[in-house]
Amino acid sequence: MARKMIIAGNWKMNKTPSETRSFIEELKPLVAGADAEVVCCVPAIDIIPAVEAAKGSNIVIGAENMYFEEKGAFTGEIAPNMLVDAGVTYVILGHSERREYFAETNETVNKKVKKAFEHGLKPIVCCGETLTQREQGITLDWIRQQIKIAFLDVTPEQAKEAVIAYEPIWAIGTGKVATTEQAQEVCGAIRQLIAEIYDEATAEAIRIQYGGSVAPKNAAELFAQPDIDGGLVGGASLKADFGQVVCYK
Ligand code: PGA
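Residues numbered from 1 in each chain as written. Predicted model: local features only at pLDDT ≥ 70, side-chain atom pairs only at ≥ 80, totals over all residues. Heavy atoms only, no water.

Draft legend 1. Focus on the overall build of the protein chain. Along the backbone of the protein chain there are 12 helices and eight strands. Rg of the C-alpha trace for the protein chain: 17 Å, near the compact-globule value of 18 Å for 249 residues, within the 12% margin. For the protein chain, the spread of C-alpha atoms along the three principal axes comes to 45 × 45 × 35 Å. The buried share among the 249 residues of the protein chain stands at 53%. Considering only contacts within the protein chain whose residues lie at least 6 apart along the sequence, 74% involve residues at least 24 apart. Counting only carbon and sulfur atoms, one obtains 54% of the accessible surface of the protein chain, whose full area is about 11,000 Å². Positive and negative side-chain charges of the protein chain, numbering 25 and 34 respectively, have mean locations separated by a distance of 2 Å. (Helix = DSSP H or I, 4+ residues; strand = E, 2+ residues; numbered from the N terminus. Rg over C-alpha atoms; globule rule 2.2 N^0.38 Å. Buried < 20%, exposed > 50% of the residue type's maximum accessible area, 1.4 Å probe, protein only. Contact = heavy atoms within 4.5 Å. Areas by Shrake-Rupley, 256 points an atom, 1.4 Å probe, with all protein chains shown as cover. Lys, Arg positive; Asp, Glu negative; His and termini not counted. Charge placed at Lys NZ, Arg CZ, Asp CG, Glu CD.)

Draft legend 2. Region of the structure containing the site of the ligand. Looking at the ligand, there are 13 residues lining it, with K12, H95, E167, G173 and S213 nearest. Side-chain polar atom of K12 to an oxygen atom of the ligand: 2.7 Å apart, as the coordinates give it. Residue E167 places a side-chain N or O atom 2.6 Å away from an oxygen atom belonging to the ligand. Burial of the ligand by the protein chains amounts to 95% of its free accessible area of 290 Å². Residues belonging to the shell around the ligand are distributed by class as follows: four nonpolar, seven polar and two charged. (Near = heavy atom within 4 Å. Polar contact = N/O pair within 3.5 Å; in protein donor to acceptor, adjacent residues only side chain to side chain. Nonpolar A, V, L, I, M, F, W, Y, C, P; charged D, E, K, R; others polar.)

Draft legend 3. Local environment of the packing of helix α5 (residues 106-118) against helix α7 (residues 139-150). Running from N to C, α5 and α7 cross one another at 40 degrees; their axes reach a closest spacing of 8 Å. Relative to α7, the element α5 is oriented oblique. Between α5 and α7 lies a crossing whose hand is right-handed. Contacts between α5 and α7 involve N106, E107, V109, N110 and V113 from the former and Q145, Q146, I149 and A150 from the latter. Tallied by class, residues from the contact of α5 with α7 come to four nonpolar, four polar and one charged. (Axes fitted to C-alpha atoms, helices over the stretch in contact; angles between N-to-C directions. Parallel < 35°, antiparallel > 145°, perpendicular 65-115°, else oblique. Left-handed = near helix turned anticlockwise from the far one by under 90°.)

Draft legend 4. Representation of the nonpolar core within the structure. Counting residues in each nonpolar core, the largest one holds 68 residues, and the members touching the most others are F151 and F223. Here the element with the most residues in this core is helix α9 (residues 180-197); it accounts for seven residues. Counting 11 residues, the second-largest nonpolar core is a separate cluster that includes A8, C41, I124 and V163. (Core = buried A, V, L, I, M, F, W, Y, C linked by side-chain atoms within 4.5 Å.)

Nothing here speaks to function; it is all geometry.
Right under this line is the structure:
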């Protein structure tokens with residue numbers, strides 16, 4: 001069965017709650033005809049207005065992060081059941097900015113992935129190499145390690161529902177998009193790794209996104225690759241451009 005494409009915006013630290021309401025309203029007609037799952041991953045404080053504004057449309061709302069404990073003395077963190085109660089479907093985990101600025105590791109990402117599944121949230125698990133690692137020729141080793149650890153003790157049934165976002169760090173926010181060959185090579189290797197860890201059926205079901213300077217001008221070519229099932233979109237998800245990325249066909 002063909003995998004459903006999934007195109008997710010990652011707003012990062014942008015838009016206030018009132019900006020969220022008006023932007024989602026603007027987006028609704030632009031994405032209504034999309035032949036893909038449309039997700040907006042928004043800052044925690046924007047989740048409730050985003051869910052309310054998206055009601056009755058084909059836009060689903062995601063979070064950008066989540067903590068791996070149920071509740072308690074973790075000042076400033078957001079628990080999984082809070083996301084569920086607010087109407088969240090997807091949660092981005094292990095984005096390279098969280099790894100770089102907030103000390104997230106493969107191990108904490110794994111804890112979060114397992115906790116998300118416990119609560120019925122679908123993780124968008126991020127991985128990606130630095131430019132130095134690419135130049136050193138260790139891209140695939142690095143990505144394999146990130147994914148292997150992120151999926152430790154995750155069942156095949158859960159893994160089938162997961163989304164993996166391959167985002168080369170050197171392509172994020174730089175306007176320097178990976179070539180379609182580079183993107184397909186890594187996404188294909190990730191699918192092969194999932195087949196090794198689990199089985200062919202899981203590898204066929206899991207969706208793998210490319211992320212890093214996705215824009216209306218490059219979306220169609222990237223998304224036409226056999227192992228690329230959509231994109232994780234930063235900068236272009238903050239504007240009406242997102243409508244064009246989502247309706248790339
Ligand atoms: P970008 O960000 O599209 O602005 O490069 C992608 C991301 O970090 O998810």
